[in-house]
Amino acid sequence: MTDETTPEHLSAGLYIVATPIGNLGDITMRAVDVLKRCDAVACEDTRVTGKLLKHLGISKPLWRYNDHTDASERNRLLDRLQDNAIVLVSDAGTPLISDPGYRLVQDAKAANIAVTSIPGACAAITGLTLSGLPNDRFLFAGFLPNKEQARIRALNEAAGMAATCIFYETGPRLVKSLRAIKDILPGRTVSVARELTKLHEECRTGSASELAEHYSDHPPKGEIVLMVGPPVEPEASDLDVDALLLEALRDQKASQAAGGVAKATGLDRKLLYARALELRSQ
Ligand code: SAM
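Quantities reported herein were computed from a predicted structural model and do not represent experimental measurements.

S.K.: Would you mind showing me how to read the overall build of the protein here?
M.R.: From N to C terminus, the protein includes 11 helices and 10 strands. With the principal axes as the frame, the protein shows a C-alpha extent of 75 × 40 × 35 Å. Here the protein holds 282 residues, and 46% of them are scored as buried. For the protein, restricting intrachain contacts to residue pairs at least 6 apart in sequence, the fraction spanning at least 24 positions comes to 72%. Only carbon and sulfur atoms are counted for the fraction: they give 51% of the accessible area of the protein, which is about 14,900 Å². Here the protein carries 33 positive and 37 negative side-chain charges, and the mean point of each set is 6 Å from the other.

S.K.: What is the right way to look at the domain arrangement of the protein in this model?
M.R.: By a widely used convention, the size of an interface equals the accessible area lost when the partners come together. Here the domain parsing of the protein yields domain 1 (13-118), domain 2 (123-228) and domain 3 (236-281). Averaged C-alpha coordinates put domain 1 and domain 3 at centres separated by 50 Å.

S.K.: Any chance you could explain the sheet that holds strand β6 (residues 138-143) here in plain terms?
M.R.: Sheets are built from strands that pair by backbone hydrogen bonding, the pairs being arranged parallel or antiparallel. Read across the open sheet, the 5 strands follow the order β6-β7-β10-β8-β9; overall the sheet is mixed. The sheet is open, and its two edges are formed by β6 and β9 (202-207), each paired on a single side. When the angles between neighbouring strand axes are averaged without regard to direction, this sheet yields 20 degrees. Two elements, strand β8 (residues 189-194) and strand β10 (residues 223-228), share 5 bridges in a ladder whose sense is antiparallel.

S.K.: Can you help me understand the nonpolar core in this one?
M.R.: What tends to happen in soluble globular proteins is that the nonpolar side chains get buried as a cluster. Within the largest apolar cluster, 23 residues are counted, with the highest numbers of intra-cluster contacts made by Leu155, Phe167, Leu178, Ile181, Val192 and Leu226. Every element with two or more residues in this core is listed here: α6 (148-159), β7 (164-170), α7 (171-184), β8, α8 (208-217) and β10. Ranked by residue count, the leading element in this core is α7, at 6 residues. What Val192 contacts, discounting residues up to four positions off in sequence, is Leu174, Leu178, Glu202, Cys203, Arg204, Leu211, Tyr215, Ile224, Val225 and Leu226. Counting residues in hydrophobic clusters, the runner-up holds 19 residues, among them Leu10, Ile27, Val32 and Leu35.

S.K.: I would appreciate a short explanation of α7 in the present structure.
M.R.: The α-helix advances 3.6 residues per turn, and as a result positions three or four apart in sequence lie on the same side. With 14 residues, α7 ought to run about 20 Å at 1.5 Å a step, and its terminal C-alpha atoms sit 20 Å apart, in line with that. Counting buried positions over the 14 residues of α7 gives 10, a clear majority of the element. If you check which residues of α7 are buried, you get Gly171, Arg173, Leu174, Val175, Ser177, Leu178, Ala180, Ile181, Lys182 and Ile184. Packed against the buried residues of α7 are α6, β7, β8, α8, β10 and α10 (254-265).

S.K.: Help me understand the pattern of salt bridges in this model?
M.R.: Overall, the coordinates contain 12 salt bridges when judged by the stated rule. Where Asp107 meets Arg74, a salt bridge forms, and the shortest distance between an N and an O atom there is 2.9 Å. Separated by 33 residues along the polypeptide, Asp107 in helix α4 (residues 102-110) and Arg74 in helix α3 (residues 71-81) bring together distant segments of the chain. We classify Asp107 as partly exposed; its relative accessible area is 26%. With relative accessibility at 8%, the residue Arg74 sits in the buried group. The salt bridge partner of Glu195 is Lys198, with a shortest N-O separation of 3.4 Å. Given the relative accessible area of 15%, Glu195 is considered buried. Residues joined in a network through salt bridges with shared partners are Lys182, Asp183 and Asp251.

S.K.: Just checking my understanding: could you explain the side chain of Ser177 for this structure?
M.R.: Along the polypeptide, Ser177 turns up in helix α7. In this structure Ser177 comes out as buried when scored by relative accessible area, which is 1%. Within the structure, the side chain of Ser177 is placed 2.6 Å from the side chain of Glu169, a separation counted as a polar contact. The contact partners of Ser177, leaving out residues within four places of it in the chain, are Leu144, Arg151, Glu169 and Leu226.

S.K.: Help me understand the site of the ligand in this model?
M.R.: Among the 19 residues in the neighbourhood of the ligand, the closest are listed as Thr94, Ile97, Asp99, Ala123 and Ile224. Thr94 has a polar backbone atom sitting 2.8 Å from an oxygen atom of the ligand. One of the backbone N or O atoms of Ile224 is found 2.6 Å from an oxygen atom in the ligand. Out of a free accessible area of 570 Å², the ligand has 91% covered by protein chains. Among the elements of the structure, β7 and β10 are those that each provide at least two residues to the shell around the ligand. It is β10 that provides the largest number of residues to the shell around the ligand, a total of 3 residues.

The rules behind each value
Residues numbered from 1 in each chain as written. Predicted model: local features only at pLDDT ≥ 70, side-chain atom pairs only at ≥ 80, totals over all residues. Heavy atoms only, no water. Helix = DSSP H or I, 4+ residues; strand = E, 2+ residues; numbered from the N terminus. Buried < 20%, exposed > 50% of the residue type's maximum accessible area, 1.4 Å probe, protein only. Contact = heavy atoms within 4.5 Å. Areas by Shrake-Rupley, 256 points an atom, 1.4 Å probe, with all protein chains shown as cover. Lys, Arg positive; Asp, Glu negative; His and termini not counted. Charge placed at Lys NZ, Arg CZ, Asp CG, Glu CD. Domains from an automatic or database assignment. Pairing = 2+ DSSP bridges. Axes fitted to C-alpha atoms, helices over the stretch in contact; angles between N-to-C directions. Core = buried A, V, L, I, M, F, W, Y, C linked by side-chain atoms within 4.5 Å. Expected span 1.5 Å × (residues − 1). Salt bridge = Lys/Arg side-chain N within 4 Å of Asp/Glu carboxyl O. Polar contact = N/O pair within 3.5 Å; in protein donor to acceptor, adjacent residues only side chain to side chain. Near = heavy atom within 4 Å.

Here it is as structure tokens:
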């Protein structure tokens with residue numbers, strides 16, 4: 001907000017500005033103010049940012065920037081930051097979060113250039129708050145890798161975290177990822193948040209197999225945040241453990257089911273194997 005104590009022009013430096021992830025009403029008053037008073041805007045795609053600025057009635061020079069821009073261009077931008085107030089935005093949400101900006105911020109700080117972050121929308125945080133999953137500890141793990149081995153590695157890493165894990169995902173890959181979660185992280189509660197802040201926003205929470213079934217029947221459109229809840233506490237009741245084993249036994253051998261549930265709960269694998277054999281024979 002500009003008031004009589006706020007100078008007309010911003011002091012030189014880099015201003016990281018979050019923009020909406022769908023609903024344009026989510027731009028903050030401070031973001032609008034900084035965009036109005038800056039000298040130029042560095043952005044991923046000048047057409048996308050041009051549309052946002054037009055909607056806000058703001059006209060500024062737009063410079064294309066991504067972290068893969070060659071070092072000489074980044075150095076030119078760093079030179080300009082010495083005496084210009086430059087805003088960094090991405091196409092949507094918070095810059096740097098699975099978006100360009102990390103190298104620029106790192107270099108700007110190394111060059112003693114002032115860096116300010118103007119917070120706002122971020123799909124990971126919006127999805128987490130909507131999911132109903134525990135949020136006291138969470139890990140943001142970016143996009144789940146597309147290649148199968150890398151995806152399995154990423155999920156195995158997540159298996160060791162006593163925290164909700166948040167991934168960015170795309171519609172065409174969602175079902176494959178949910179099936180991998182079912183195998184690698186059995187028994188976890190999973191949440192899929194889609195089209196956040198937009199007209200068709202939805203957030204479904206359930207088991208990975210339920211969600212895989214749902215989304216293979218209803219191929220998902222739009223942008224997705226995929227979240228995996230933390231492992232079930234070891235003191236889970238026998239009934240919970242039986243339910244986990246029974247779900248895993250639907251399509252796994254007793255040894256695999258016991259291994260998965262042991263990983264998910266921290267309970268003894270041999271005891272779980274014995275119980276899995278009992279349940280299978282019932
Ligand atoms: N920096 C952005 C942020 O703060 O959310 C994320 C950029 S990343 C390139 C884009 C990914 O974020 C999408 O593929 C999707 O996984 C997630 N995403 C962005 N907007 C979303 C939305 N409205 N609903 C659900 N997921 C979204």
